[in-house]
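This is what each chain is made of:
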Amino acid sequence: MGYPDTTDAFAVTDIKNWSTFTRKELPLKKFEEYDVDIAIDACGVCASDVHTITGGWGEDVPLPLCVGHEVIGKVVKVGSKVTKFKVGDRAGVGAQKGADLTCNICKADQENYCPNQIDTYGAKEDGITSQGGYSSHMRAHEYFTFKIPDNLDTALAAPMLCAGLTTYSPLKRLGAGPGKKVAIVGLGGLGHFGVLWSVAMGAETYVISHSERKREDALKMGAKDFLLTSKKGWADDWKFTFDFIINTADATDKFNLPDYFSTLKVNGTFHMVGFPDNPLPAMQAQIFAPNGCSMGASHIGNHQEMEEMFELASKQNIKSWVQTIKLSEAGCKEAVERVYKNDNVKYRLTLVDFDDVFGKRT
């Protein structure tokens, strides 16, 4: 059948064989007046893709499923009420492709928390399952589609649409800027963006990691210092130091959280954007009392924060640390397995060369 009724997708069909991708046509939702269709040129590979297809987050996975929510490509069709895009524009879609946009949450510019939000893949929309970016085409609401600044390379910009926004939003909301001391836990796909944004916003930025081999990279990204958690008593010299901590690691269930909390200033915040497959360990309320700290989490970011993030990246010429992999069944398999194993990923993977697979799409 093909586009515009379907997308030509690389999909997982069996959770037990989660890294085996099969190329197949999957349905797109009905085209509506605010929709934008994108012929995909690149798609970032997010840890969320892996958590989803492995069943690690304990959710029912609708199969077959094409993952990928860091999508950039060319606009090939716009709905009758679309005003921000025209055919031929370069555009991107992140981890959210829809919301009701009418509830009080959306009206307060918190649409990323809308109870009726539509995830870019794995959600129900128009009676079918939404499909992601390891595919030929993406269909999304105009409000969740974004122009990509001309000076940002497609492969480097794609991971900003999820990993970038996921770290930019809490940094912005918690007040990163001159005079603030911010620590980023974990220097991976999320964490490296946390460092890049925090430095660009003018905050004094530190990296907390268990891996000494990442010290040099952290300093190259602009971090002032590097805290090594594998060192006994690592937190002792850093008590009451940080205004807040952004935790990007997905191994928090293994952390001795009081050590991390102790490095926060009075009323500081330990904020999570990396989520482990396993539950957090039981903890006593008293561990928050020594400095009155708090613990929170967030989900991606809103429309305005996405636009601000791209503007910051454009003005300061911020470049993601990205490795590229050619799109194919084998390429998708390699990408998700490398993310799963943390196999020398520095620090984000992007699937590219979509035209070689799907041809020129107009």
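Residues numbered from 1 in each chain as written. Predicted model: local features only at pLDDT ≥ 70, side-chain atom pairs only at ≥ 80, totals over all residues. Heavy atoms only, no water.

**As for helix α9 (residues 329–341)**
Okay, so step 1: Between the first and last C-alpha of α9 there are 18 Å, a value that for 13 residues agrees with the 18 Å anticipated at 1.5 Å per step.
Okay, so step 2: Within the sequence span of α9, burial applies to G331, C332, A335, V336 and R338. Buried residues along α9 cover an arc of 160 degrees about the axis, so they all sit on one side. The outward face of α9, more than 90 degrees from its buried face, is lined by the exposed residues A330, Y340 and K341.
Okay, so step 3: In this structure S328 caps α9, since a side-chain oxygen of it lies 3.3 Å from the backbone nitrogen of A330. (Helix = DSSP H or I, 4+ residues; strand = E, 2+ residues; numbered from the N terminus. Expected span 1.5 Å × (residues − 1). Buried < 20%, exposed > 50% of the residue type's maximum accessible area, 1.4 Å probe, protein only. Arc of directions from axis to C-beta. Polar contact = N/O pair within 3.5 Å; in protein donor to acceptor, adjacent residues only side chain to side chain.)

**Describing the state of the cysteines**
Okay, so step 1: Scanning all chains against the criterion turns up 0 disulfides.
Okay, so step 2: C66 provides the cysteine sulfur closest to C43, a residue in no disulfide bond, and the two sulfurs are 7.5 Å apart.
Okay, so step 3: Residue C43 is classed as buried on the basis of its relative accessible area of 0%. (Disulfide = S-S within 2.5 Å.)

**Some details on the sheet that holds strand β13 (residues 204–209)**
Okay, so step 1: The strand order across the open sheet built from 6 strands is β14-β13-β12-β15-β16-β17, with neighbouring strands paired in parallel fashion. A single partner strand is all that each edge strand has here, and the edge strands are β14 (225–228) and β17 (294–297). For this sheet, the mean angle separating the axes of adjacent strands, direction not counted, is 20 degrees.
Okay, so step 2: Helix α4 (residues 163–174) rests against β12 (181–185), β15 (242–247) and β16 (264–272) of the sheet, and its axis sits at about 160 degrees to β15. (Pairing = 2+ DSSP bridges. Axes fitted to C-alpha atoms, helices over the stretch in contact; angles between N-to-C directions. Contact = heavy atoms within 4.5 Å.)

**Points about the pattern of salt bridges**
Okay, so step 1: Counted according to the given criterion, the structure contains 25 salt bridges.
Okay, so step 2: For R23, the salt bridge goes to D8, with nearest N and O atoms at 2.6 Å. Here D8 lies in strand β1 (residues 6–12) and R23 lies in strand β2 (residues 21–27), a separation of 15 residues in the sequence.
Okay, so step 3: Judged by its relative accessible area of 14%, D8 is buried.
Okay, so step 4: Salt bridges sharing partners connect three or more residues here, namely D41, K74, D355, K360 and R361. (Salt bridge = Lys/Arg side-chain N within 4 Å of Asp/Glu carboxyl O.)

**As for the packing of aromatic side chains**
Okay, so step 1: Under the defined criterion, the tally for this structure stands at 16 aromatic pairs.
Okay, so step 2: Through successive ring pairs, a cluster of aromatic residues spans W234, F255, Y260, F261, F270 and F288.
Okay, so step 3: Cation over ring: K77 sits above F31, and NZ or CZ is 4.2 Å from the ring centre.
Okay, so step 4: Its guanidinium or amino end placed over the ring of F85, K147 lies 5.9 Å from that ring's centre, counting from NZ or CZ. (Phe/Tyr/Trp six-rings, centres within 6.5 Å; stacked < 30°, edge-to-face > 60°. Lys NZ or Arg CZ within 6 Å of the ring centre and 35° of its normal.)

**Here's the deal with the UniProt feature "domain: Alcohol dehydrogenase-like C-terminal" (unreviewed entry) in the protein**
Okay, so step 1: Here the UniProt feature "domain: Alcohol dehydrogenase-like C-terminal" (unreviewed entry) sits at residues 189–314.
Okay, so step 2: Helix makes up 29% of residues 189–314 and strand 23%, and the two end C-alpha atoms of the span are 20 Å apart. (UniProt positions renumbered as here; feature names shortened; annotations may be inferred.)

**Quick word on empty space enclosed by the protein**
Okay, so step 1: One pass over the structure, following the stated rule, counts 3 cavities of 30 Å³ or more.
Okay, so step 2: Estimated volume of the largest cavity: approximately 100 Å³.
Okay, so step 3: Taken together, 14 residues line the largest cavity, and the ones lying closest to its centre are F144, F146, L165, G301 and M306.
Okay, so step 4: Of the residues in the lining of the largest cavity, the class split is 8 nonpolar, 5 polar and 1 charged. (1 Å grid on protein atoms, 1.4 Å probe; cavity = no way out; pocket = protein on both sides within 12 Å on 5 of 7 lines; lining within 4 Å. Points joined across faces, edges and corners; volume = space filled by probe spheres on them. Nonpolar A, V, L, I, M, F, W, Y, C, P; charged D, E, K, R; others polar.)

**Comments concerning the nonpolar core**
Okay, so step 1: Residues M160, L171, W197, M309 and F310 are the most contacted members of the largest nonpolar core, which totals 44 residues.
Okay, so step 2: Elements that contribute at least two residues to this core include exactly α4, β12, α5 (189–200), β14, β15 and α8 (303–315).
Okay, so step 3: Among the elements that line this core, the one with the most residues is α5, at 6 residues.
Okay, so step 4: Discounting chain neighbours no more than four positions away, the residues touching L171 are A176, V182, G194, W197, S198, M201, F244 and I246.
Okay, so step 5: One finds A11, L65, V67 and L349 within the second-largest nonpolar core, a separate group that totals 38 residues. (Core = buried A, V, L, I, M, F, W, Y, C linked by side-chain atoms within 4.5 Å.)

**Re the environment of M160**
Okay, so step 1: Within the fold, M160 resides in the loop between α3 (154–157) and α4.
Okay, so step 2: Overall, M160 belongs to the buried group, its relative accessible area being 0%.
Okay, so step 3: Separated by 153 residues in the primary sequence, M160 and A313 place their C-alpha atoms 9.3 Å from one another.
Okay, so step 4: Contacts of M160, omitting those with residues within four sequence positions, involve L152, L165, F193, W197, M306, M309, F310, A313, I318 and S320.

**Things to note about the layout of surface pockets**
Okay, so step 1: Empty space within the second largest pocket amounts to approximately 280 Å³.
Okay, so step 2: As for the second largest pocket, its lining consists of 16 residues, and the residues nearest its centre are K29, E32, D35, A99 and H141.
Okay, so step 3: When residues of the lining of the second largest pocket are traced back to their parent elements, those giving at least two are β6 (96–98) and β10 (137–141).
Okay, so step 4: The dominant element in the lining of the second largest pocket, judged by the number of residues it contributes, is β10, at 3 residues.

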